Amino acid sequence: MLAAAGPPTAGAQQPDGLDRFLWALGQVESGGRYDAQNATTGAYGRYQIMPANWPSWARRYLGDAHAKPTPHNQDVVAAGRVRDLFDSLGAWPAVAYWWLTGEASPESKWPSGAVDYVERVMVLFGGVGQGPATGATSSPALTAAPPTSATTQQT
């Protein structure tokens, strides 16, 4: 789906489920909107990337710290960061927790709000039961079908 530019991620192995995870993350973070902005934190776009993170992540994954957060660039940056997080954390629920909090932590120490967030991402991802809490009965409204391994999302 997304090929990140630049040497740090060139040729990096894409973990199984990356496209589905990014779709689920985007749905929970912004309802899938590339123009969403959090008035309190300034987090922007589909994946609600914090303004302080954008320059270094854009430099790493796009090769340009001053790249604009276009839909394509948001996808490339988020895919690169999520791929790196999965490589270091090893599990999608841990990546979702990190995306919310900016830290790695054992599931036994996750506060209930973080557990709820991870569960929402994982339900949309299709991994019910893969998070710290199971049995979710509801999920946010879906704005589009999640990508499958056979589909390619283009922006």
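Below is a summary of the structure that appears in this document. Since this is a predicted model, take the numbers as computed values, not measurements. (Residues numbered from 1 in each chain as written. Predicted model: local features only at pLDDT ≥ 70, side-chain atom pairs only at ≥ 80, totals over all residues. Heavy atoms only, no water.)

**Observations concerning the packing of helix H1 (residues 18-30) against helix H4 (residues 92-101)**
Orientation of H1 relative to H4, taken along the N-to-C sense of each, is 35°, at an axis distance of 12 Å. Every pair of crossing elements has a handedness; the one defined by H1 and H4 is right-handed. For the pair H1 and H4, contact is made by Leu18, Phe21, Leu25 and Glu29 and by Trp92, Val95, Ala96 and Trp99, respectively. Here the residues of the contact of H1 with H4 are counted per class, giving seven nonpolar, no polar and one charged. (Axes fitted to C-alpha atoms, helices over the stretch in contact; angles between N-to-C directions. Helix = DSSP H or I, 4+ residues; strand = E, 2+ residues; numbered from the N terminus. Left-handed = near helix turned anticlockwise from the far one by under 90°. Contact = heavy atoms within 4.5 Å. Nonpolar A, V, L, I, M, F, W, Y, C, P; charged D, E, K, R; others polar.)

**Here we look at the packing of aromatic side chains**
Inspection of the entire model under this criterion finds eight aromatic pairs. Judged by centre distance (5.8 Å) and plane angle (50°), the ring pair of Trp92 and Phe125 falls under tilted. Remark: Phe125 occurs in helix H5 (residues 112-125) and Trp92 occurs in helix H4; sequence separation between them is 33 residues. Residue Trp92 shares its accessibility class with Phe125, and that shared class is buried. Following the ring pairs from residue to residue traces out a cluster consisting of Phe21, Phe86, Trp92 and Phe125. When the ring centre of Phe125 is taken as origin, the NZ or CZ atom of Arg20, which lies over that ring, is 4.4 Å away. (Phe/Tyr/Trp six-rings, centres within 6.5 Å; stacked < 30°, edge-to-face > 60°. Buried < 20%, exposed > 50% of the residue type's maximum accessible area, 1.4 Å probe, protein only. Lys NZ or Arg CZ within 6 Å of the ring centre and 35° of its normal.)

**Brief notes about H5**
Because each turn of an α-helix spans 3.6 residues, side chains separated by three or four positions in sequence point in the same direction. Here H5 contains 14 residues, and its C-alpha end-to-end distance of 20 Å stays within 8% of the 20 Å for a straight helix at 1.5 Å per residue. The element H5 is largely enclosed, with a buried count of 10 among its 14 residues. Along H5, the positions that sit buried rather than exposed are Ala114, Val115, Tyr117, Val118, Glu119, Val121, Met122, Val123, Leu124 and Phe125. (Expected span 1.5 Å × (residues − 1).)

**Notes on H1**
For H1, which comprises 13 residues, the first-to-last C-alpha distance of 18 Å matches the rise-based estimate of 18 Å (1.5 Å per residue) to within 8%. Counting buried positions over the 13 residues of H1 gives 11, a clear majority of the element. Those residues of H1 not exposed but buried are Leu18, Asp19, Phe21, Leu22, Trp23, Ala24, Leu25, Gly26, Gln27, Val28 and Ser30. Residues of H1 that are buried make contact with helix H3 (71-89), H4 and H5.

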